[in-house]
Amino acid sequence: MASEDVKTSESAVSTIVNLAEEAKLAREGVKAPSYAILSICKSLAAGGIAGGLSRTAVAPLERLKILLQVQNRHSIKYNGTIQGLKYIWQTEGFRGLFKGNGTNCARIVPNSAVKFFSYEQASKGILYLYQQQTGNEDAELTPLLRLGAGACAGIIAMSATYPMDMVRGRLTVQTQKSPYQYRGMFHALATVLREEGPRALYKGWLPSVIGVIPYVGLNFAVYESLKDWLIKSKPFGQFQDTDLSITTRLACGAVAGTVGQTVAYPLDVIRRRMQMVGWKDASSVVTGDGRSNAPLEYNGMIDAFRKTVRHEGFGALYKGLVPNSVKVVPSIAIAFVTYEMVKDILGVQMRISD
């Protein structure tokens with residue numbers, strides 16, 4: 001009997017010791033494989049939810065932006081934000097406002113998940129190298145380092161999901177009068193592969209990558225740096241604690257989105273136009289109902305820039321900027337705040353720059 005009591009006591013002590021060791025390892029940042037995998041899945045889920053919710057909220061403006069970017073200059077159907085939205089409503093109904101949004105979400109959910117997760121991992125790696133280089137273990141990420149981490153995240157996410165972005169662009173510009181209708185994302189992918197080859201799925205990739213460096217990089221850098229500044233400087237006596245209100249974080253996201261999209265917007269226009277090249281049954285929005293032979297063929301990014309500016313002027317590089325601004329500001333703000341809130345709910349450690 002005493003022997004059994006001793007064994008029970010030893011087992012209890014062993015359990016307590018093991019729990020203490022696990023707690024110690026957790027405090028030191030060493031996590032069990034299952035915990036690490038769960039944390040990664042939660043982080044990816046938070047990013048995906050944030051992306052899907054933010055894009056659906058502004059889907060009509062997203063579609064109008066693309067229509068304005070690619071419409072033929074000799075056959076103007078969409079002339080401004082209000083008129084453009086009314087025209088879509090009158091000609092295609094309510095569903096027309098959300099055309100392409102399913103494909104957009106199918107792209108943006110994994111894109112956003114990879115982007116946020118990649119930013120966290122890149123930030124951790126860059127911060128570690130920065131601390132090692134400076135010899136200061138308390139060093140924090142600078143705005144420039146955050147820009148670099150955001151750029152890395154943007155390139156990885158864009159490259160991983162680019163084929164879906166390409167066919168989403170074509171689905172979005174389809175109208176009821178288009179000579180050929182893609183029936184959905186997978187049908188569009190199969191059709192492009194069959195008729196134009198696998199390389200066609202990456203048309204416009206170069207300007208996309210170049211554009212995503214300042215766009216995503218500035219989004220993260222401005223958002224994180226602005227939050228840090230508000231917490232540390234406490235302007236006007238506000239922000240007495242380390243938790244900013246949802247309204248303040250939305251404002252930070254709005255500023256970040258405005259800065260990023262303004263810098264990168266011309267590259268987005270060129271990307272969309274290059275994606276239309278080779279589409280033999282292109283939408284009438286692109287062809288202009290056959291009224292002219294507009295330059296739909298581009299020999300690369302530089303040629304696309306040159307032809308666009310020569311035929312339509314410098315302002316063509318900012319076609320659709322207004323609806324895009326109205327879209328981007330709330331979209332980026334919603335994405336950042338949703339991501340942080342979902343991570344809080346899921347219990348994932350938040351800050352990667354502290």
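Preceding this paragraph is the structure being described.
These numbers come from a predicted model, not from an experiment.

1. Notes on the environment of Ala-153
The topology assignment puts Ala-153 in helix H6 (residues 143–173). Along the chain, Ala-153 and Phe-116 lie 37 residues apart, while their C-alpha atoms are 7.2 Å from each other. Ala-153 has contacts with Lys-115, Ser-118 and Tyr-119, leaving out every residue within four places of it along the chain.

2. So, the pattern of salt bridges
In the structure shown here, the tally under the stated rule is 18 salt bridges. Here Lys-65 makes a salt bridge to Asp-268, at a shortest N to O gap of 3.0 Å. Residue Lys-65 is found in helix H3 (residues 59–70), and its partner Asp-268 is found in helix H9 (residues 246–276); the two are separated by 203 residues along the sequence. The buried category is assigned to Lys-65, whose relative accessible area is 4%. With a closest N to O distance of 2.4 Å, Arg-271 and Asp-165 form a salt bridge.

3. Topic: helix H7 (residues 185–196)
Taking 1.5 Å per residue as the helical rise, H7 with its twelve residues ought to reach 16 Å, and the 16 Å between its terminal C-alpha atoms agrees with that figure. The complete set of buried residues in H7 reads Met-185, His-187, Ala-188, Leu-189, Thr-191 and Val-192. On its buried face, H7 is in contact with helix H5 (101–134) and H6.

4. Brief notes about H6
In a regular helix each residue adds 1.5 Å, so 31 residues correspond to 45 Å; H6 covers only 37 Å between its end C-alpha atoms and thus falls short of that length. The sharpest bend along H6 comes to roughly 65°, located at Tyr-162, with the proline Pro-163 sitting one to four residues further on.

Procedures and definitions
- Residues numbered from 1 in each chain as written.
- Predicted model: local features only at pLDDT ≥ 70, side-chain atom pairs only at ≥ 80, totals over all residues.
- Heavy atoms only, no water.
- Helix = DSSP H or I, 4+ residues; strand = E, 2+ residues; numbered from the N terminus.
- Contact = heavy atoms within 4.5 Å.
- Salt bridge = Lys/Arg side-chain N within 4 Å of Asp/Glu carboxyl O.
- Buried < 20%, exposed > 50% of the residue type's maximum accessible area, 1.4 Å probe, protein only.
- Expected span 1.5 Å × (residues − 1).
- Bend = angle between axes of the 7 residues up to and from the residue.

Spatial relationships are all this shows, so hold off on functional conclusions.
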